[in-house]
Amino acid sequence: AVTGNIERAQSVLRRMEMDGIAPNRGTLKEAVTLAQNARKSEFALSIWATMHKESTQTVPLKPKVAVEMMSDLMNKYASDLQQTSNHDERIIIHREMMNLYQGFISKLGEFELHDAFEEIASNLTFLLAALKAAVSCEYHSEVDEEKTRSRELACEIVGFEIFQTQQHTEIDRAGMKAIQFATDWLYAFEIS
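The model shown is predicted, which means the values in this text are computed figures rather than measured ones.

### Concerning the layout of surface pockets
Computed from the structure, the largest pocket encloses a volume of approximately 600 Å³. Around the largest pocket, the lining is made up of 22 residues, and of these Leu81, Arg90, His94, Lys132 and Ala174 lie nearest the centre. Of all the elements in the fold, those that place two or more residues in the lining of the largest pocket are α4 (63-82), α5 (87-110), α7 (124-140) and α10 (173-191). Considering every element that reaches the lining of the largest pocket, the biggest residue donor is α7, with nine residues. Grouping the amino acids of the lining of the largest pocket by side-chain chemistry returns 11 nonpolar, seven polar and four charged.

Quick look at the structure:
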């Protein structure tokens, strides 16, 4: 049912685009809600990207608002992880969390949204959730390419200044383990 909602929403968005109507903040909020329910971060990212294309007439979201919306989606995935112990479901959620992180970072670079990048670089909750997902996928995936992608992503995330220069007493045990694994991998890459 949720997939059907996304398909209907995509159809509406295509009609809006054909009619020259750009999505607004309300559209993005609904897309994020649908993406949360369907675990489809690429849908929310595509709406967000459309809002920032130069050809649209909408006012771009402030960096903090964009980061908060994507953080809400990441938090939903983290909450979903707490609700299941099924290995396959957890891997799917972790992959989606990694896709959200990579997609958002990619779009920030594509649109040269340096303020939003700075905002995400200081968002410990968002980065830590993506880091935990990457470390988990590295350990639990059976596909070598996914293991490599996960390890590289974890190294990228742990390289952010927020993990390098600050002590975080509020990070849980799993988060500290993820930071340690990723840091060890990062130093192993630098040595080799």
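### Considering the packing of aromatic side chains
Going through the model one piece at a time under the given rule, you end up with six aromatic pairs. With centroids separated by 6.3 Å and ring planes inclined at 20°, the aromatic side chains of phenylalanine 181 and tryptophan 185 adopt a geometry described as stacked. Of this pair, phenylalanine 181 and tryptophan 185 both sit in helix α10, four residues apart, which is roughly one turn of that helix. Judged by relative accessible area, phenylalanine 181 falls into the partly exposed class, the value being 30%. Among the aromatic side chains, those forming a connected cluster through ring pairs are Tyr101, Phe104 and Phe126.

Definitions and cut-offs
Residues numbered from 1 in each chain as written. Predicted model: local features only at pLDDT ≥ 70, side-chain atom pairs only at ≥ 80, totals over all residues. Heavy atoms only, no water. 1 Å grid on protein atoms, 1.4 Å probe; cavity = no way out; pocket = protein on both sides within 12 Å on 5 of 7 lines; lining within 4 Å. Points joined across faces, edges and corners; volume = space filled by probe spheres on them. Helix = DSSP H or I, 4+ residues; strand = E, 2+ residues; numbered from the N terminus. Nonpolar A, V, L, I, M, F, W, Y, C, P; charged D, E, K, R; others polar. Phe/Tyr/Trp six-rings, centres within 6.5 Å; stacked < 30°, edge-to-face > 60°. Buried < 20%, exposed > 50% of the residue type's maximum accessible area, 1.4 Å probe, protein only.

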